[in-house]
Protein chains: 2
Amino acid sequence: MAKYVFGVDIGGTTVKIGYFDTEGTLIEKWEIPTVKDNNGAKILPDVAESIKAKMAEKNMAKEDVEGVGIGVPGPVDDDGNVLKAANLGWGVFSVKNTMEDLLGLKVSAGNDANVAALGEMWKGGAEGYSNVVMVTLGTGVGGGIILKGKILNGSNGSAGEIGHIHVNDDEEDVCGCGNKGCLEQYSSATGITRIANKILNSSDEKSVLRDGDVNAKTIFDAVKAGDALADKVAKVYGKYLGDALACISAVVNPEVICVGGGVSKAGEVVLDYVKPHYVKNVFHGSRDTAFVLAKLGNDAGIYGAAKLVIGD
Amino acid sequence: MAKYVFGVDIGGTTVKIGYFDTEGTLIEKWEIPTVKDNNGAKILPDVAESIKAKMAEKNMAKEDVEGVGIGVPGPVDDDGNVLKAANLGWGVFSVKNTMEDLLGLKVSAGNDANVAALGEMWKGGAEGYSNVVMVTLGTGVGGGIILKGKILNGSNGSAGEIGHIHVNDDEEDVCGCGNKGCLEQYSSATGITRIANKILNSSDEKSVLRDGDVNAKTIFDAVKAGDALADKVAKVYGKYLGDALACISAVVNPEVICVGGGVSKAGEVVLDYVKPHYVKNVFHGSRDTAFVLAKLGNDAGIYGAAKLVIGD
């Protein structure tokens, strides 16, 4: 019986790779650079070589390996086809088939944000649940939806794009997606900073934020220190995220909402600003949905990728 | 091999029952009254008697019947347990097990709005699709979400409650669910009428709506006749429904949105007011989602119930 499983998380600058036992214990992890030349043609061969080298080093036979799961920064359909990953230079092709040809092992592929959600469900903040909404508050707002233990990819790999839920008709700035008023413009690390700078620039109100760097960390530090202006910023963040999550719950009725990404390092305070808006506006059948913080940090992707191939 | 399947749609005043061949052709349909005395204790026995009588009349053996599907006006979980149906007096119990004991046939159960969505996917406006968002614009706004051909029930049967997506922070009236600013308050037949009366009462603007009954039908008739005030009403309806559908698509990325219910009898005009808002605010991966009108009317429930047991 297979003893090991590989999880791969392909990012724009590095590829994270880990191997696990089939119970989900991470045994070793490492990184290789993401070589994007020639439309990213070397990325999968490089990953395959790295996995083969690790198998040789550890004397693993193919029979010892359950398979390889891969998270990709772009939409991926249920069959393991990436539908474009602009950040890597990739167009449309089967990550699953390509990698299976390179390795002779079973391969599964998914979108990186969705795969991270699966990781948090398997061994992270949402462990023990099977219906999970994961929100990753980083440079953008990533989302992943797990229903009955499986990733929801949607009809063309665009499910769980919760950072692009429209939350504000009055926004004048354009989101990275081309729309105006997306959740990501308020509740990502970038969005929170943007709101803080807007408020700072529109008044002379005193704030510790005037004395140094303005970013998600310093903003939530200021919130914890009782800074009134930072509190206003956090209220904007929390209102839009709470409203969006209430909408998501009316649609999929999850057991738990798991909040991760860099912003979530501030701790429970990031939930405290969200929950009142959620509870106020959500349909009563989802009012008791649990809120948890993610636990796996940057490893969520390799955990989820490993689970992807085990669960297949 | 089984040749027939029964579909049952339990409503507050009547129970609709139909039998179909397993390809989905409706052979005969009829209704019986919903007897709500004694917390609805007679409802399922009455349905069972009616099905047994039909089987006797048509000389059907049990082996001829694939099973019985049932739509219930309340949340139902994946195992066929109703979690409350206030309208019938029902608390928590297994509709599936109770009905299987009464009939000795395979039984599946689902929420009525979800089951109607399945019906439209099987033989109605969304035929040929397998990822469907169904919106039923009636007294309320009902919703049903079909993913890969299966109903999404959610963790406690409260998925697809899209009528209670919060769309307006400034609403002062309370929705039937207890919240304020739910989609249902603007885009249901009742909601459209409410908005029309508000606009009529707040100005002296001329409108054909001042000369007779104000309801969803007369409002959309006035829209088609070029009435400027009715156009304003339809714009409110369309803005909130379009925004809510854009949000839903960011979450589940459907292939098609199917609009049904009494309001949809007005025809394509009900979509014309929704699409521009949807296209403006939806994530680009779901921008090409198709919009269709439902086709099965009040029979969607019995079609979907029949499909529920075939697809199980």
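This text gives an overview of the structure that appears in the document. (Residues numbered from 1 in each chain as written. Chains lettered and ligands numbered in written order. Predicted model: local features only at pLDDT ≥ 70, side-chain atom pairs only at ≥ 80, totals over all residues. Heavy atoms only, no water.)

## Things to note about the overall build of chain A
How we decide: Only DSSP runs of H or I with at least four residues qualify as helices, and only runs of E with at least two residues qualify as strands; both kinds are numbered from the N terminus onward. Restricting the calculation to C-alpha atoms gives the radius of gyration, and the globule rule supplies 2.2 Å times the number of residues raised to the power 0.38. Burial here depends on accessible area, computed with a 1.4 Å probe over protein chains only, as a share of the maximum for the residue type. Under 20% is buried, over 50% is exposed, and the range in between is partly exposed. Contacts are residue-level and defined by heavy atoms, with any inter-residue pair within 4.5 Å sufficient. Residue exposure ignores everything except the shown protein chains as possible cover, and the areas themselves are Shrake-Rupley values with a 1.4 Å probe. By the counting rule applied here, Lys and Arg register as positive and Asp and Glu as negative, while His and the ends of each chain are not counted. Positions of charges follow a simple convention, taking NZ of Lys, CZ of Arg, CG of Asp or CD of Glu.
Each helix and strand counted, chain A has 11 helices and 12 strands in total. Expected size for 312 residues packed as a compact globule is a radius of gyration near 20 Å; at 20 Å, chain A falls within 12% of this value. With respect to the principal axes defined by its C-alpha atoms, chain A has extents near 65 × 45 × 35 Å. Going through the 312 residues of chain A one by one, you find that 57% of them count as buried. In chain A, the proportion of contacts linking residues at least 24 apart, taken out of those at least 6 apart, comes to 61%. For chain A, the accessible area works out to roughly 12,300 Å², and carbon and sulfur atoms hold 48% of it. Charged side chains of chain A number 31 positive and 41 negative; the gap between the two group centres comes to 2 Å.

## Quick word on the relation of the copies chain A and chain B
Quick reminder of the rule: In superposing the copies, a least-squares fit is computed on C-alpha atoms, taking residues whose pLDDT is at least 70 in both.
Placing chain A over chain B gives an RMSD of 0.0 Å and needs a rotation angle of 180°, together with 0.0 Å of translation along the axis. Classification of the inter-copy transformation places it as that of a two-fold axis. Mapped onto chain B, 100% of the interface residues of chain A again fall at the interface, so both copies present the same surface.

## Some thoughts on the sheet that holds strand E12 (residues 290-293) of chain A
Residue and element names in this part refer to chain A. Applied cut-off: Only when DSSP finds a minimum of two bridges between them are two strands counted as paired. Lines fitted to C-alpha atoms define the axes here, with helix axes fitted over just the stretch in contact, and angles between the N-to-C directions of these axes take values from 0 to 180 degrees.
The strand order across the open sheet formed by five strands is E10-E9-E8-E11-E12, and the pairing between neighbours is mixed. Two strands in the sheet have a free side with no partner beyond their single neighbour: strand E10 (150-151) and E12. In this structure, strand E8 (residues 132-137) lies alongside strand E9 (residues 141-147), joined through six bridges in antiparallel fashion. What sits directly across from Leu137, in E9, is Val141. Against the sheet, helix H4 (residues 112-123) contacts E8, E9, E10 and strand E11 (256-260), and its axis sits at roughly 55° relative to E9.

## Observations concerning the sheet that holds strand E7 (residues 107-111) of chain B
Residues and elements named next belong to chain B. Strand order in the open sheet formed by five strands is E3-E2-E1-E4-E7, with mixed pairing between adjacent strands. What marks the edges here is a single partner per strand, and that holds for strand E3 (26-33) and E7. The average undirected angle you get between the axes of adjacent strands in this sheet is 15°. Direction of pairing for strand E4 (residues 65-72) relative to E7: parallel, over a ladder of five bridges. By the bridge assignment for E7, Val68 is matched with Val107. Running over the sheet, helix H3 (residues 95-103) touches E4 and E7 and is turned about 145° from E7.

## Quick notes on the interface of chain A and chain B
Interfaces are often sized by the amount of accessible area the parts lose when they come together. Counted only if it meets this: Take the accessible area each of two parts loses on contact, using a 1.4 Å probe, and add the two losses: that sum is the buried area. Salt bridges are defined by distance alone: a side-chain nitrogen of Lys or Arg within 4 Å of a carboxyl oxygen of Asp or Glu.
Across the contact, 40 residues belong to chain A and 40 residues belong to chain B. Carbon and sulfur atoms supply 54% of the area that chain A and chain B bury against each other, a total of about 3,000 Å² over both sides. Of all residues in chain A, Val251, Asn253 and Phe283 of chain A bury the most surface against chain B, accounting for 21% of the area lost on that side. Remark: the boundary between chain A and chain B carries four salt bridges.

## Focus: the packing of helix H2 (residues 43-57) of chain B against H3 of chain B
Residue and element names in this part refer to chain B. We apply this condition: When an angle is under 35 degrees it counts as roughly parallel; over 145 it counts as roughly antiparallel; between 65 and 115 it counts as roughly perpendicular; any other value is oblique. When the near helix sits turned anticlockwise from the far one by under a right angle, the crossing is termed left-handed; a clockwise turn instead gives a right-handed crossing. Charged residues are taken to be Asp, Glu, Lys and Arg, nonpolar residues to be Ala, Val, Leu, Ile, Met, Phe, Trp, Tyr, Cys and Pro, and polar residues to be all remaining types, Gly included.
Running from amino to carboxyl end, H2 crosses H3 at an angle of 40°, the nearest separation of the two axes being 10 Å. With respect to H3, the axis of H2 lies oblique. The two elements H2 and H3 cross, and the hand of that crossing is right-handed. Of the residues in H3, those touching H2 at Leu44, Pro45, Val47, Ala48, Ile51 and Lys52 are Val95, Thr98, Met99, Leu102 and Leu103. Of the residues contributing to the contact of H2 with H3, the split by class is nine nonpolar, one polar and one charged.

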